[in-house]
Amino acid sequence: MSMELSGPECYWVDSVAAQWSSRGRMRAVAGLQWQWCEDIEPLGFSGQTPLTDEHRAKLCELVAADARGLAENAKNLPQDPYFFGKAVARAMRIALIADEVGDDDSRNLAIDQATSWLTPWLNGTNADYLVFDTEWSGIISKAGLADPMADFGQGLYNDHHFHYGYFVYAAAVLAKLKPQWIEQYKEQIDILARDYFNIAPAVDVYFPFARCFDFFDGHSYANGLFAFADSRNQESTSEAINAYYAIYLYALATDRLDIARYARAVLQLEARTSRVYWHLDDLTSSIYPEEYAKSKAIVGILWSTKADYATWFGANPEFIYGIQLLPYTPAMALLLKRKWVADVWPRFLETVANDSETDSWREIVHLAYAV
């Protein structure tokens, strides 16, 4: 990222040579304060593009089918925080879309399913219930407490913003569509939000300040307490964006505008740095050497000291691209810009989608073309 200096006590230190890093060329600067300014793009619960009558009719058909399918999904609900969070967030995404197209029956059906799934987690009566960890001041799963590697490393705080971001997104939509329900569980949802987004540590002593977000690098790290030779890392930028989008919506829906404004600024910064460091030839083209950039358009895992074209769960190109493209919500408009997608689709994404070994990942990559 570039930075403009202002003020009499902020200046470049030209006597210190510039250094090349995994974030590009870095220069020394001296100053008493850090300040940043973001251009805030329009964003809310709904997308910015109005629906045509044709699209609205098709959405009504699709969302009704998805809402009816939730009852079948309930028979095999995931037991871990990550995949359960994705399931309940999807249910509330269906409810929100149903509300937008005027399908009250599908909206209510999705809400009823989501609340019945979510209530045991918030009451602590589910099998893999959540507990407060007094050693590192956070919320972890029962399985994670017993085995730090369980639930994708929950017990060592791996991916907490991904996991709880889905919970908070579901709660945000519930706060909008069924505020009387959220009032019963506001304290529990607040705790999950505070686990990864405590912005008042002087007052809230139970959780660290912005657990996952690094204000110097301008983006989150996901590895929690796991130590690696290449230091910290993050894989899914889109799930990090979802985490702060969820906080923003939840704060808006519960009328806490100071938190909403703070989360919105962090969200915009996370999106911008994702485009700088993970998207090749988007906001910058000077960071990565030609040997890396000529054959790919994405970074799979960004570390403190290197960039990997990889994921934690497989080397398939559809995994590497797709994990940077989910979940699809209005916040993806901050990350996926039409110019970049138009550039990389014929060169990379179209082949990645067509060669995908599974329909689900093919669909995820294809959805990028919708922008």
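Cut-off values and rules
Residues numbered from 1 in each chain as written. Predicted model: local features only at pLDDT ≥ 70, side-chain atom pairs only at ≥ 80, totals over all residues. Heavy atoms only, no water. Salt bridge = Lys/Arg side-chain N within 4 Å of Asp/Glu carboxyl O. Helix = DSSP H or I, 4+ residues; strand = E, 2+ residues; numbered from the N terminus. Axes fitted to C-alpha atoms, helices over the stretch in contact; angles between N-to-C directions. Parallel < 35°, antiparallel > 145°, perpendicular 65-115°, else oblique. Left-handed = near helix turned anticlockwise from the far one by under 90°. Contact = heavy atoms within 4.5 Å. Nonpolar A, V, L, I, M, F, W, Y, C, P; charged D, E, K, R; others polar. Patch = residues over 30% accessible without salt bridge, like charges linked within 9 Å, V, L, I, M, F, W, Y side chains within 5 Å. Areas by Shrake-Rupley, 256 points an atom, 1.4 Å probe, with all protein chains shown as cover. Buried < 20%, exposed > 50% of the residue type's maximum accessible area, 1.4 Å probe, protein only. Polar contact = N/O pair within 3.5 Å; in protein donor to acceptor, adjacent residues only side chain to side chain.

Peer 1: Where do I start with the pattern of salt bridges in this structure?
Peer 2: Note that side chains of opposite charge can pair when their charged atoms are close. Here the structure, examined in full by the defined rule, presents 21 salt bridges. Between R194 and D204 there is a salt bridge, with the nearest N and O atoms lying 2.5 Å from each other. Here the residue R194 occupies a position in helix α7 (residues 179-197), and D204 occupies one in the loop between α7 and β7 (213-214), the gap between them amounting to ten residues.

Peer 1: Help me out: how do you make sense of the packing of helix α3 (residues 104-123) against α7 in this one?
Peer 2: When two helices pack together, their arrangement is given by the angle between the helix axes and by the axis-to-axis distance. Where α3 meets α7, the closest approach of the two axes is 10 Å, and the angle between their N-to-C directions is 55 degrees. The angle between α3 and α7 falls in the class oblique. Our pair here, α3 against α7, has a crossing hand that is left-handed. Together, T115, L118, T119, L122 and N123 of α3 and W181, Y185, Q188, I189 and L192 of α7 make up the contact between the two elements. For the contact of α3 with α7, a count of residues per class yields six nonpolar, four polar and no charged.

Peer 1: Any chance you could explain a nonpolar patch on the surface here in plain terms?
Peer 2: Together, M26, W34 and F216 give the surface a local cluster of nonpolar side chains, amounting to about 380 Å² of exposed area. Residue placement: W34 occurs in the loop between β4 (29-30) and α1 (53-73).

Peer 1: Teacher, can you tell me more about the environment of V16 here?
Peer 2: Of note, V16 is situated in the loop between β1 (11-12) and β2 (19-21). Classification of V16 as partly exposed rests on a relative accessible area of 45%. A C-alpha to C-alpha distance of 34 Å links V16 and A240, two positions 224 residues apart in sequence.

Peer 1: Which parts of the structure should I look at to understand the side chain of N223?
Peer 2: Relative to the elements of secondary structure, N223 occurs in the loop between β8 (219-220) and β9 (233-234). One polar contact links the side chain of N223 to the main-chain carbonyl oxygen of F226, over a distance of 2.9 Å. Excluding residues that lie within four positions of it along the chain, N223 makes contacts with L156, N158, F228, R232 and N233.

Keep in mind these numbers describe shape, not what the thing actually does.
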